[in-house]
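# Remarks on the overall topology
These are the residues of each chain, in order.
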Amino acid sequence: MADQIRVLVVDDIPETRDHLTKLLSFESDIDVVGAAASGREAIEMATTLNPDVVLMDINMPDMDGIAATEQLSATVPSVAVVMMSVQGEADYLRRSMLAGAREFLVKPFSSDELTASIRQVHARERDKASRIAATTPLVRPSASGPGAEGSDELGQVVAVFSPKGGVGRTTVAVNLAVAAATELGKKVVIVDGSFQFGDVGVLLNLNPRSKSIADLVPELEAGDLDSLDTFVITHSSGVKALLAPPSPEMADLVTPAGIKRIIEALRIDNDLVVVDCTAYFNDTTLAILDVADIILTMLSLEITSIKNMRLFLEVAEQLGYEAGKVRLILNRADSALGIRVTDVENSIGRKVDETIVSDGRSVVYALNRGVPFFLSNKEAQVSQDILRLARTVTSSDRSSAPAGDDSRKSTQKKSLFAWR
Ligand SMILES: Nc1ncnc2c1ncn2[C@@H]1O[C@H](COP(=O)(O)OP(=O)(O)OP(=O)(O)O)[C@@H](O)[C@H]1O
Ligand SMILES: [Mg+2]
C-alpha cells in the first residue's frame, strides 16, 4: 500500500529488535522493512531500503545512535529518526535533537507511545516535504513583508510579560491574537514563550505533541528556517500558533539566540507576532523582551504584583528600553480588592496604559472549553477591552530599533544577572 510507513529498527540487542518488530507487525499502516544491529549497519540499510522512519537505539557499541543519526541526516535527509534511550536526561535529548532526531522515546515505553511517535514524525515529515514542494518558503531574506504586496515592513512583535505569575498573560496574549486576526484582519502568529509549562495550546485546544517549537531545534542548528510554517498549527480563528514543547525537560532545547531568530523569521511574514512570556527573568525571556517592539506588562491589583512591577520598571530602564516600548496593562482592573488604580499609579510612579475588566464567568468558562472568550463572547466588556488593546498595538509605530545598541544592552544584562 502506498501509505505504509516504512520503518527500520536499529538496536544492538537481538531480543529488543525482535520485540519491536513484533509489536509493529500488529499495525496495519506500519511496515518494518529491516532491522540493523549497529549504527554502521543502520546507515548502510537506510541507504538501500529508504525507510520513512528509523527507530534508533542511542547506546550501541561501534557507532552509537547519535553519531549514526548525524550521518543519516547528512546522507538520507528524508529519513525521520526516533531515538530510544533508557536515559531521559535533557543532555541526551538535546544531543539527539541536535544530531537531527525528530522524536525521543524513553525506555520502557508503551506500544501506543511507540506507534504514536512513528505516525507523528512521519506525518510531520510528509507535511514538511509537501509544503516545501508546493509553497514559497515562509522565510527568505528577499521575501516581501506582511501587508501590502511589495512592502518591506516587518510585523509588530508584542511580548506579553509580567514580573509575577498568574496575572493573566496567557489569557490576554491568546485573546489579543484572536481579536487582531478575526476583527482587524491581521496575519497573526502566537508564540508560547513559556517553554516549560506553556498554556497557549490549552487555551486554543491545540496539541503540542503534533507540532511544537522543540521540532524547530534541528532546523535552527542547521541554520535553515525555510520551512518554519511546518511547525505552526493554524487555529480555526486563523491565528497560527508555535506551541511550547510537549514536556518540560525539552524547554532547554530553545536557546536565547534561537528564539530571537525564530521571532525575527516570523515577523517577516506576519503582521503581528504575539509572544506569551514566562514570569521570571532568564536569558530567554530577556531575548524575547529585547526583540519585542512592545512589551505589554501585565499587573493586577495585588501588592506583590505592584512591588514586582516597580522592580521590573527599574530593570527596563537599565536595559535601555524606550519609554513607549513598555506598556502597563492592569488586568481585572475593576476588582474591589482594597487597592484602586490611582494607588497603583502612585506606587509605581507612572500611569497605567490600558485596563481590562474582570470577568471570571466568560474567562474561565472559555478556558475550560478551549475556546478563547473573544470568539465565544465577543460582546462582553472583557472582549471589548481586548479589542481596544489589539487596535492600540497594531496601530502603533514600532518604538524600538531591534538591531540598535545591542552591545550596551548586553553589558547591562550581565550586571543585572550578577544580582541573582
Ligand atoms: N480579566 C480576567 N477576568 C477574570 N479572570 C481572569 C482574567 N484574566 C485572567 N483570569 C484568570 O486568571 C487565571 C490566570 O490567568 P492566566 O493563566 O492567563 O495567567 P498567566 O499570567 O498566564 O499565568 P501563569 O503564570 O500560570 O502563566 C486564570 O484562571 C484566568 O482564567
Ligand atoms: Mg501563562
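Residues numbered from 1 in each chain as written. Chains lettered and ligands numbered in written order. Predicted model: local features only at pLDDT ≥ 70, side-chain atom pairs only at ≥ 80, totals over all residues. Heavy atoms only, no water.

## Brief notes about the site of ligand 1
The immediate surroundings of ligand 1 are formed by 16 residues, with G166, R169, T170, T171 and D359 found nearest. Between ligand 1 and the protein, one listed contact pairs an oxygen atom with a side-chain N or O atom of R169 at 2.9 Å. At 2.4 Å from an oxygen atom of ligand 1 is found a side-chain nitrogen or oxygen belonging to T171. In the complex, the protein chains occlude 78% of the 630 Å² of accessible area that ligand 1 would expose alone. More than half of the atoms of ligand 1 fall within 2 Å of the grid points belonging to the second largest pocket. Of all elements in the fold, only α6 (169-182) and α13 (360-369) reach the threshold of two or more residues within the shell around ligand 1. Per element, the largest residue contribution to the shell around ligand 1 is four residues, and it comes from α13. A class-by-class count of the residues in the shell around ligand 1 yields five nonpolar, eight polar and three charged. (Near = heavy atom within 4 Å. Polar contact = N/O pair within 3.5 Å; in protein donor to acceptor, adjacent residues only side chain to side chain. Areas by Shrake-Rupley, 256 points an atom, 1.4 Å probe, with all protein chains shown as cover. 1 Å grid on protein atoms, 1.4 Å probe; cavity = no way out; pocket = protein on both sides within 12 Å on 5 of 7 lines; lining within 4 Å. Sits in = over half its atoms within 2 Å of the grid points. Helix = DSSP H or I, 4+ residues; strand = E, 2+ residues; numbered from the N terminus. Nonpolar A, V, L, I, M, F, W, Y, C, P; charged D, E, K, R; others polar.)

## Details of unusual backbone geometry
In this model, K107 is joined to P108 through a cis peptide bond whose omega is -5 degrees. On the secondary structure map, P108 appears in the loop between β5 (103-106) and α5 (111-134). If you check the backbone angles, N50 has positive phi at about 50 degrees while not being a glycine. With respect to the secondary-structure elements, N50 resides in the loop between α2 (39-49) and β3 (53-57).

## Things to note about the sheet that holds strand β2 (residues 30-36)
With parallel pairing, five strands are arranged side by side in an open sheet as β2-β1-β3-β4-β5. Unpaired on one side and paired on the other, β2 and β5 mark the two borders of the sheet. Taking the axes of each pair of neighbouring strands and ignoring which way they run, one obtains an average angle of 20 degrees across the sheet. Relative to β2, strand β1 (residues 5-10) is paired through six bridges, and the arrangement is parallel. When the sheet's bridge partners are listed, I5 is paired in β2 with I30. Packing of α2 onto the sheet brings it into contact with β1 and β2, and relative to β2 it is tilted by some 140 degrees. (Pairing = 2+ DSSP bridges. Axes fitted to C-alpha atoms, helices over the stretch in contact; angles between N-to-C directions. Contact = heavy atoms within 4.5 Å.)

## So, the packing of helix α9 (residues 256-269) against helix α10 (residues 283-291)
Packing of α9 against α10 brings their axes to within 8 Å, and their N-to-C directions diverge by 30 degrees. With respect to α10, the axis of α9 lies roughly parallel. As for how α9 packs across α10, the hand of that crossing is right-handed. Contact with α9, carried on its side by P256, I259, K260, I263, E264 and R267, involves D283, T284, A287, I288, D290 and V291 of α10 and no other residues of that element. A breakdown of the residues in the contact of α9 with α10 according to their chemical character gives six nonpolar, one polar and five charged. (Parallel < 35°, antiparallel > 145°, perpendicular 65-115°, else oblique. Left-handed = near helix turned anticlockwise from the far one by under 90°.)

## Regarding the pairing of strand β4 (residues 80-85)
Most of β4 is tucked away, with six of its six residues classed as buried. Alternating positions in β4 separate into two faces, A80, V82 and M84 on one and V81, M83 and S85 on the other, with burial throughout. Once the chain exits β3 it traverses helix α3 (residues 65-75) before rejoining the sheet at β4, and the crossover so formed is right-handed. Examined bridge by bridge, β4 and β5 share four bridges and lie parallel to one another. By the bridge assignment, M83 is partnered in β5 with F104. (Buried < 20%, exposed > 50% of the residue type's maximum accessible area, 1.4 Å probe, protein only. Right-handed = clockwise from strand over helix to strand, strands pointing away.)

## Quick notes on the packing of aromatic side chains
Working definition: an aromatic ring pair is given by the centre-to-centre distance plus the angle between the planes. Taken as a whole, this structure holds three aromatic pairs when the rule is applied. Cluster of aromatic residues (ring-pair linked, three or more members): F161, F281 and F312. Above the ring of Y321, the side-chain terminus of K325 is found at 4.2 Å from the ring centroid. (Phe/Tyr/Trp six-rings, centres within 6.5 Å; stacked < 30°, edge-to-face > 60°. Lys NZ or Arg CZ within 6 Å of the ring centre and 35° of its normal.)

## Things to note about the side chain of T69
With respect to the helices and strands, T69 occurs in helix α3. Exposure remark for T69: the relative accessible area of 0% places this residue in the buried category. One polar contact links the side chain of T69 to the main-chain carbonyl oxygen of G65, over a distance of 2.6 Å. What T69 contacts, discounting residues up to four positions off in sequence, is M56, V81, M83, A99, G100 and A101.

## Describing the sheet that holds strand β9 (residues 240-242)
Judged by pairing direction, the sheet is mixed, and its eight strands sit side by side in the order β8-β9-β7-β10-β6-β11-β12-β13 without closing on themselves. With one partner strand each, in any of the chains shown, β8 (233-234) and β13 (354-356) form the two edges of the open sheet. In this structure, strand β7 (residues 188-192) lies alongside strand β10 (residues 272-276), joined through five bridges in parallel fashion. Counterpart to V189 in the pairing with β10 is V273.

## Re the pairing of β7
The buried fraction of β7 is high, at five of five residues. Covered by surrounding structure in β7 are V188, I190 and D192 together with V189 and V191, the residues of both alternating faces. Here three bridges tie β7 to β9, and the two strands are oriented parallel to one another. What sits directly across from V191, in β9, is L242.

## A short note on the layout of surface pockets
Of the pockets and cavities examined, the second largest pocket occupies roughly 520 Å³. The wall of the second largest pocket is formed by 31 residues, among which G166, V167, G168, R169 and T171 lie closest to the centre. At the level of elements, α6, α13 and α15 (381-395) are the ones that each hand at least two residues to the lining of the second largest pocket. In terms of residue class, the lining of the second largest pocket is built from 15 nonpolar, 11 polar and five charged. (Points joined across faces, edges and corners; volume = space filled by probe spheres on them.)

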